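# Coordinate analysis (summary)
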Amino acid sequence: MEKINYSAYDLVCSLVLEDKDIDEISKELNLEKSFVITLLKKARNDYILSCDLKLYMVVGKIDKLLKRKKKRRIINNFGGRKDIIFNLICDGKSCIEICNLLGISVEAYINFLKFMYYELYLYGFDSERIYLSVVRRALIEGYKVLKSNVLSDKRKGEVDIRTSIMRLRGLNDEIVFTDSPVSAVSSIDCGNTFKFIVISDLHIGSRYENMGYVCDVYNDAVKNGISDIFVSGDFVEGCHANYSRCFPKYSSTVSQVEHVLNDYPFDKNISNHILLGNHEAFPIIVEGYDMFDDMQSRKDFDVIGYRSGYYKIKDEYISLKHEISRVINEVIDNVVLFNFIGHSHLYKCTYDGKYVTFRVPTCSDLIGHDYETIINKGYLLCEVHFNNIGKADELSVIYKDFENENVEISFERKLTK
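Structure report, in brief. (Residues numbered from 1 in each chain as written. Predicted model: local features only at pLDDT ≥ 70, side-chain atom pairs only at ≥ 80, totals over all residues. Heavy atoms only, no water.)

Inspection of the secondary structure puts S26 in helix α2 (residues 22-29). With residues near it in sequence (within four places) discarded, S26 still touches L31, E32, K33 and V36. (Helix = DSSP H or I, 4+ residues; strand = E, 2+ residues; numbered from the N terminus. Contact = heavy atoms within 4.5 Å.)

Before going further, it helps to spend a moment on unusual backbone geometry. Its identity is not glycine, yet C51 carries a phi of approximately 55 degrees, on the positive side. Along the chain, C51 turns up in the loop between α3 (33-50) and α4 (56-65). Positive phi, normally seen in glycine, also occurs at H203, with a value near 50 degrees. Summarising the element assignment, H203 is placed in the loop between β3 (193-199) and α9 (211-223). Taking relative accessible area as the criterion, H203 reaches 0% and is therefore assigned buried. (Buried < 20%, exposed > 50% of the residue type's maximum accessible area, 1.4 Å probe, protein only.)

Our focus in this paragraph is helix α5 (residues 80-90). Those residues of α5 not exposed but buried are K82, D83, I85, F86, L88 and I89. With its phi angle positive at about 90 degrees, G92 sits one or two positions after the end of α5.

A few words now on the pairing of strand β6 (residues 301-313). Within β6, eleven of the 13 residues are buried, which leaves the element mostly enclosed by the surrounding structure. Across five bridges, the pairing between strand β5 (residues 271-276) and β6 is parallel. Bridge pairing in β6 links N272 to F301. The pairing of β6 with strand β7 (residues 316-321) spans six bridges and is classified as antiparallel. Residue pairing across strands places G309 opposite L320, the latter belonging to β7. (Pairing = 2+ DSSP bridges.)

Given below as structure tokens:
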């Protein structure tokens, strides 16, 4: 006779499906009630994290046995960090941004999403269940980030840049085609010392634009003999379904671009190397307007494209990145000498002993959407020294705060012994 072994875990779950209550399960299996409850909680947790919709029926039965209160208005009452994550997702924040803002791992972020999905699926009102697709897309993005993180160590230092024409996901999940590049590469000539400034998220055309900040950046560039300014996305506000943030005369993306072309500071000795982000991409979907060509009509504007741009400086690379959640293209994010990421509106530096990544603060008067959102207003003053064979041997970055002239945070490293 074949010997079959059943664990207490499996037996408890099978009795749940027979609609047995906790007392009946305890008596039938001769187990303490407290142990039965512990097994039920474990099963519930495992089934939710499996994200298997077939098992949600079992979870619902366990919820009844554990007398868990049904939440009302789930999208406003997930609880704790799940509420914050949901609001940030709806605000267009990416997986990486949310993980950085909350100080959690990608794995933890994915688990929060799984519990949110289960609550919406099982208990959400009809009006709330439309957000299932929002959470599901966030889950897919989270898994992609998790996979790319696993592969990133293999790619560090290797520059695999695949320029392609950007495709976007439309409002009804249709594919929106463009004629503009995504993840492009360019080159910049320089001597053995390269000085530059990085700014991001100017949101020009919105009520938060601050041309005074931009003039401060230009003045510092002139003072330090800098001829290259890098912009890491969200140069203009774009429509972004948020015209209430725009001045009336700049209530269209076209008018905002004209405003930039006519009113943005100009210096014949300064070039602006511009990456376009989500606020520039969204008008392609809702207005059919791609600003890529128009932005290049100024001779001091070098627009590399959307999403990520790489600049070869001698034998090294500098990257600009800005999240665009609606990009369909498979984009490989390369880890290079200098990595500058816009979109989060805060300053942060991470260093793994060889490569350094900076979150670039906003060059605007943006405010946080709640008391927990950190907003830094400033720019990065950078300098790289190269040896005779074109390799960087020393670098420094100074974060300069617009709101407090006395605040300067320096990052300095010698790259060779």
